[in-house]
Amino acid sequence: MKKIIFLLFTVSTLAAYSQKTDLVTVNTVKPKKGQKMAFEAAYKVHIAKFHKADEKMNVYEIISGPNAGSYHLVNGGRSYADFDKERADAAAHSQDLDKTFFPMLDETMNGTYRMIDSLGIRPSTNSGAEAFVVTVRHLKETLNMGDYRRELARGAKISSGLKDAFFANLSVNFYDQLWDGSDQVTVSVRNLKDGFKSLESGYYAAAPAGSPSWRDEYVKAYGHTAWDERIKVMEGAVEKTEQYLMKWRKDLSSPGQ
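Residues numbered from 1 in each chain as written. Predicted model: local features only at pLDDT ≥ 70, side-chain atom pairs only at ≥ 80, totals over all residues. Heavy atoms only, no water.

Trainee: Mind showing me how you'd approach the pairing of strand β2 (residues 58-62) here?
Mentor: In the case of a regular strand, side chains alternate between the two sheet surfaces. Most of β2 sits out of view: five of its five residues are buried. Of the two faces of β2, the one holding Asn58, Tyr60 and Ile62 and the one holding Val59 and Glu61 are both buried throughout. As judged from the four bridges shared by β2 and strand β3 (residues 71-78), these two strands associate in the antiparallel manner. Residue pairing across strands places Val59 opposite Leu73, the latter belonging to β3. Sheet topology places β2 next to strand β8 (residues 238-248); three bridges connect them, and they run antiparallel. What sits directly across from Ile62, in β8, is Met246. (Buried < 20%, exposed > 50% of the residue type's maximum accessible area, 1.4 Å probe, protein only. Helix = DSSP H or I, 4+ residues; strand = E, 2+ residues; numbered from the N terminus. Pairing = 2+ DSSP bridges.)

As structure tokens, this is what we get:
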């Protein structure tokens with residue numbers, strides 16, 4: 001299974017990491033063929049036993065692309081200090097996973113993520129959306145990260161300021177994968193509060209005739225030279241892109257999520 005990554009939350013320094021509860025761990029699992037429904041039934045029981053009040057989980061199902069049928073099991077609201085803690089029922093929790101969970105899986109992988117508000121477009125960790133478009137970008141090793149993040153921040157600012165219907169309804173969270181080594185990875189998650197139907201062409205009314213374009217607004221704010229530099233930076237930034245659709249599975253998530 002290709003590397004799947006997803007989402008969440010923001011930190012700026014190692015000192016800040018230890019103080020905030022804004023880290024998220026994501027376990028991505030793929031049930032064996034013919035085990036999807038058995039996996040879901042077993043996981044509902046596991047959630048009720050071990051994640052009803054503490055270490056609450058949100059579950060998302062990938063519904064398109066080569067990894068369709070895989071699930072993201074997301075544990076948010078963590079701090080670095082939480083990695084030092086062990087559950088009081090750790091043995092029973094692990095035994096339950098070993099007996100009723102892992103035997104049904106083909107593959108598993110995990111990652112930790114942070115969200116960077118300044119690089120998102122009306123970012124939200126509670127947008128009310130249950131449908132999402134996830135875009136994963138693997139960045140080139142030669143990339144000047146400072147230039148790239150500068151352009152991401154400028155682009156987010158321009159997009160957030162546009163008033164036409166599409167941009168007024170656009171909400172995108174931007175995430176960094178932590179500890180990704182030489183394969184620098186970023187993830188953008190577009191929150192579809194109106195569901196997948198909002199991806200249809202023409203769903204949002206077109207901008208009025210004569211409205212300034214995205215490029216016009218960028219040039220107005222930063223100038224023509226900056227626009228030319230932006231094109232070079234963005235065209236040379238990404239080694240590989242992956243994209244897929246994902247939906248929230250409330251029925252598999254902890255109560256109250």
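Trainee: Explain helix α7 (residues 224-235) here, please?
Mentor: For α7, which comprises twelve residues, the first-to-last C-alpha distance of 17 Å matches the rise-based estimate of 16 Å (1.5 Å per residue) to within 8%. Those residues of α7 that sit buried are Ala226, Trp227, Arg230 and Val233. Here the buried residues of α7 occupy an arc of 125° about the axis, which is enough to place them on one side. Pointing more than 90 degrees away from the buried face of α7 are the exposed residues His224, Thr225, Lys232 and Glu235. In this structure, the buried residues of α7 make contact with α4 (145-161) and α6 (214-222). (Expected span 1.5 Å × (residues − 1). Arc of directions from axis to C-beta. Contact = heavy atoms within 4.5 Å.)

Trainee: What am I meant to see in the packing of α4 against α7 here?
Mentor: For any two helices packed against each other, the geometry comes down to the angle between their axes and how far apart the axes lie. α7 packs onto α4 with a crossing angle of 115° between their chain directions and a minimal axis gap of 10 Å. For the pair α4 and α7, the sense of crossing is left-handed. Two secondary-structure elements touch here, α4 through Asp147, Tyr148, Arg150, Glu151, Leu152, Arg154 and Gly155 and α7 through Ala226, Glu229, Arg230, Val233 and Met234. When the residues that make up the contact of α4 with α7 are grouped by side-chain class, the tally is five nonpolar, one polar and six charged. (Axes fitted to C-alpha atoms, helices over the stretch in contact; angles between N-to-C directions. Left-handed = near helix turned anticlockwise from the far one by under 90°. Nonpolar A, V, L, I, M, F, W, Y, C, P; charged D, E, K, R; others polar.)

Trainee: Would you explain the nonpolar core in this entry?
Mentor: A general trend in soluble globular proteins is that nonpolar side chains are found buried together. Residues Phe132, Val134 and Val187 are the most contacted members of the largest nonpolar core, which totals 18 residues. When contributions to this core are tallied by element, the ones reaching two or more residues are β1 (23-31), β2, β4 (105-115), β5 (131-139), β7 (185-191) and β8. Judged by nonpolar contacts, the second largest core, of 14 residues, contains Ile47, Tyr71, Leu97 and Phe101. (Core = buried A, V, L, I, M, F, W, Y, C linked by side-chain atoms within 4.5 Å.)

Trainee: I keep staring at the side chain of Glu242 and nothing clicks. Help me out?
Mentor: Relative to the elements of secondary structure, Glu242 occurs in strand β8. For Glu242, the side chain forms a polar contact with the side chain of His138, separated by 2.9 Å. (Polar contact = N/O pair within 3.5 Å; in protein donor to acceptor, adjacent residues only side chain to side chain.)

Trainee: In this structure, what is going on with the confidence of the model for the protein chain? I would like to understand it.
Mentor: Low pLDDT means the predicted atomic positions in that stretch should not be read closely. The predicted model of the protein chain averages 89 in pLDDT, with 91% of residues at 70 or higher. Note that residues 1-18 has pLDDT below 50 and, in this model, 83 contacts with residues that lie over four places away or in other chains. (pLDDT = per-residue confidence, 0-100.)

Trainee: Looking at this structure, I do not really get the environment of Phe102. What am I missing?
Mentor: Tracing the backbone shows Phe102 in the loop between α3 (90-100) and β4. Phe102 gets classed as partly exposed once you look at its relative accessible area, which sits at 38%. For Phe102 and Gly128, which are 26 residues apart along the polypeptide, the C-alpha to C-alpha distance reads 31 Å.

Trainee: So what exactly am I meant to see when it comes to the packing of aromatic side chains here?
Mentor: Applying the stated criterion across every chain yields a total of 15 aromatic pairs. Geometrically, the ring pair formed by Phe166 and Phe167 is edge-to-face, given 5.1 Å between the ring centres and 85° between the ring planes. Overall, the relative accessible area of 30% leaves Phe166 in the partly exposed class. Take Phe167: its relative accessible area is 17%, and that puts it in the buried class. Pairing Trp214 with Trp227 gives two aromatic rings, centres 6.2 Å apart and planes at 55°, and the pair type is tilted. Of this pair, Trp214 sits in helix α6 while Trp227 is found in helix α7, placing the two residues 13 residues apart along the sequence. On the basis of relative accessibility, which here comes to 14%, the residue Trp227 falls in the buried class. Ring pairs connect the aromatic residues Phe39, Tyr43, Tyr71, Phe101 and Phe102, which therefore count as one cluster. (Phe/Tyr/Trp six-rings, centres within 6.5 Å; stacked < 30°, edge-to-face > 60°.)

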